[in-house]
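Take a look at the letters that make up each chain.
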Amino acid sequence: MNERQGKGKFAVSSGPVNRRTATHAQREAQPRHSPVALSRLKAARAKQRLGASLQQRFSSGSAWSGAHTLASGTLVLQAVGCTLGATAVFLGIIQNTWPIAAAGTATVLGLGIWMLLDQRRRRQSVFGSESDFSVWLEPEHLGRLDALMEQLAKESSQFTVDALCQLKDTLSRCANLVGDSATPVLAAPEDILFIREAICRYVPDSIQACLKVPATDRESRVIDDGKTAMDLLHAQLTLLDTQLQLREARLSQLAGEALLQQQRFLAAKTDTPR
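Cut-offs applied
Residues numbered from 1 in each chain as written. Predicted model: local features only at pLDDT ≥ 70, side-chain atom pairs only at ≥ 80, totals over all residues. Heavy atoms only, no water. Helix = DSSP H or I, 4+ residues; strand = E, 2+ residues; numbered from the N terminus. Buried < 20%, exposed > 50% of the residue type's maximum accessible area, 1.4 Å probe, protein only. Contact = heavy atoms within 4.5 Å. Areas by Shrake-Rupley, 256 points an atom, 1.4 Å probe, with all protein chains shown as cover. Core = buried A, V, L, I, M, F, W, Y, C linked by side-chain atoms within 4.5 Å. Axes fitted to C-alpha atoms, helices over the stretch in contact; angles between N-to-C directions. Parallel < 35°, antiparallel > 145°, perpendicular 65-115°, else oblique. Left-handed = near helix turned anticlockwise from the far one by under 90°. Nonpolar A, V, L, I, M, F, W, Y, C, P; charged D, E, K, R; others polar. Polar contact = N/O pair within 3.5 Å; in protein donor to acceptor, adjacent residues only side chain to side chain. Expected span 1.5 Å × (residues − 1). Patch = residues over 30% accessible without salt bridge, like charges linked within 9 Å, V, L, I, M, F, W, Y side chains within 5 Å. Salt bridge = Lys/Arg side-chain N within 4 Å of Asp/Glu carboxyl O. pLDDT = per-residue confidence, 0-100. Phe/Tyr/Trp six-rings, centres within 6.5 Å; stacked < 30°, edge-to-face > 60°.

Summing up its helical and strand segments, the protein has 11 helices and two strands in all. In the protein, which comprises 274 residues, the proportion classed as buried is 26%. A separation of at least 24 residues holds for 73% of the contacts in the protein among residues at least 6 apart in sequence. Summing over all exposed atoms, the protein offers an accessible surface of approximately 18600 Å²; the carbon and sulfur share of this is 59%.

Encoded structure:
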């Protein structure tokens, strides 16, 4: 019997094969991770701690899911009707049965008009709902603020992350109130302008100014009156959140004005006290 070839081929390692043969120092040594992997891990944890982004909170995808399903069902019905009508026209012409061809033609024309009117109605409803945000706020501003918040959260403690989350909640509530079709008409222009500038300038500028300070010095290096960079940032975020809550209170009060107007209208029509 021939001897097996390749006896000299075996694995060689500079470290222990398993923990049983490793020394105490080798067991205590921490594994090395790639800097890119660590950066991605920190970014993922920052997103998780911050929760949903402002772009996700401001989007109306969940509100449109029901409308989208209804529109899809209508389109299927219209497509099937047009197919049957066109088939009837084709068969009527071939078999010289003009009543069937006329019925098919009427079906196709009717469904075509329905599709045009339905498309125009959906387009108007989309413009009417999306323009509430797009008129006073650009999507790129939300993306920029989300990116800055994620960068700061990746390099900061949970206390700073909680402050950012609270500010995001306040901004979301204010934006939803401004997005109401009736509220902007009654609201003071300076309130809407402050909310917009808070998203576009005030909050991003504060975070950017803090990020310019090296991460190792933000909580230790005194900048002004015994306060570090993080102390100044928290003070600015608190001030902005307080001012936004004042605007939110005024907008919430205006949001109920439509209900009060309806109450006055019903009282006038029924001659009942309000």
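That covers the picture; the talk isn't over yet.
We now examine the nonpolar core. Ranked by size, the top nonpolar core spans 35 residues in total, and within it L145, M149, L164, L171, V203, I207 and L244 carry the most contacts. Every residue in contact with L164, bar those within four places of it in the chain, is listed here: L50, M149, L152, A153, I207 and L237.

For the rest of this paragraph, the subject is the packing of helix α6 (residues 139–154) against helix α9 (residues 189–211). Each pair of packed helices can be summarised by the angle the axes make with each other and by the distance between the axes. Between α6 and α9, the shortest axis-to-axis distance is 10 Å and the interhelical angle comes to 30 degrees. Considering the angle they form, α6 stands roughly parallel to α9. The interaxial crossing formed by α6 with α9 has left-handed handedness. Residues H141, L142, R144, L145, L148, M149, Q151 and L152 of α6 touch α9, and the partners they reach there are R196, I199, C200, V203, P204, D205, I207, Q208, C210 and L211. Class assignment of the residues belonging to the contact of α6 with α9 gives a composition of 12 nonpolar, three polar and three charged.

Moving on, we come to the environment of Q166. Here Q166 lies in helix α7 (residues 158–179). With 75 residues separating them along the chain, Q166 and D241 place their C-alpha atoms 7.9 Å apart. When residues no more than four places from it in sequence are discounted, the contact partners of Q166 are D241 and Q245.

Next up on the list: the side chain of D191. As for its position among the elements, D191 is in helix α9. At a separation of 3.4 Å, a polar atom in the side chain of D191 contacts the side chain of R247. Setting aside its immediate chain neighbours within four residues, D191 contacts R247 and R250.

This next bit is on the side chain of R218. Note on placement: R218 falls in the loop between α9 and β1 (222–224). When its relative accessible area of 4% is taken as the criterion, R218 is described as buried. Looking at R218, its side chain comes within polar contact range of the main-chain oxygen of L211, at 3.2 Å. Of note is the side chain of R218, whose polar atom sits 2.8 Å from the backbone oxygen of V213. Those residues in contact with R218 that lie beyond four places of it in its chain are L152, E155, C210, L211, V213, T228, A229 and M230.

Glancing now at helix α10 (residues 229–255). Helix length check: α10 (27 residues) gives 38 Å between terminal C-alpha atoms against 39 Å at 1.5 Å per residue, within 8%. Every buried residue of α10 is accounted for by A229, M230, L233, H234, L237, L240, D241, L244, R247, E248 and L251.

Our next topic: a nonpolar patch on the surface. On the surface, a cluster of nonpolar side chains totalling about 280 Å² of accessible area is made up of V76, V80 and L84. Topologically, V80 is positioned in helix α4 (residues 61–94).

Turning to the pattern of salt bridges, a few remarks are in order. Under the counting rule described, the total for this entry stands at six salt bridges. Close ionic contact of E155 with R218 constitutes a salt bridge, the shortest N to O distance being 2.6 Å. Here E155 is found in the loop between α6 and α7, whereas its partner R218 is found in the loop between α9 and β1, with 63 residues between them in sequence. For E155, a relative accessible area of 33% translates into the label partly exposed. Connected through salt bridges with shared partners, the residues D191, R247 and R250 form a single ionic network.

For N96, which is not a glycine, the phi torsion comes out positive at approximately 60 degrees. For N96, the position within the fold is in the loop between α4 and α5 (98–134). Unusually for a residue other than glycine, D225 sits at a positive phi of about 55 degrees. Among the secondary structure elements, D225 is positioned in the loop between β1 and β2 (227–228).

Averaged over all residues, the pLDDT of the protein equals 76, while 68% of them reach at least 70. Across residues 61–70, where pLDDT falls below 50, the model places three contacts with residues more than four positions away in sequence or in other chains. In the model, residues 124–132 has pLDDT below 50 throughout and makes six contacts with residues more than four positions away in sequence or in other chains.

On to the packing of aromatic side chains, then. Per the stated rule, a full pass over the model turns up one aromatic pair. On the numbers, 5.5 Å between centres and 50 degrees between planes, the contact of F194 with Y202 is tilted. According to the relative accessible area criterion, F194 is buried, its value standing at 14%. Classification of Y202 by relative accessible area gives partly exposed; the value is 29%.

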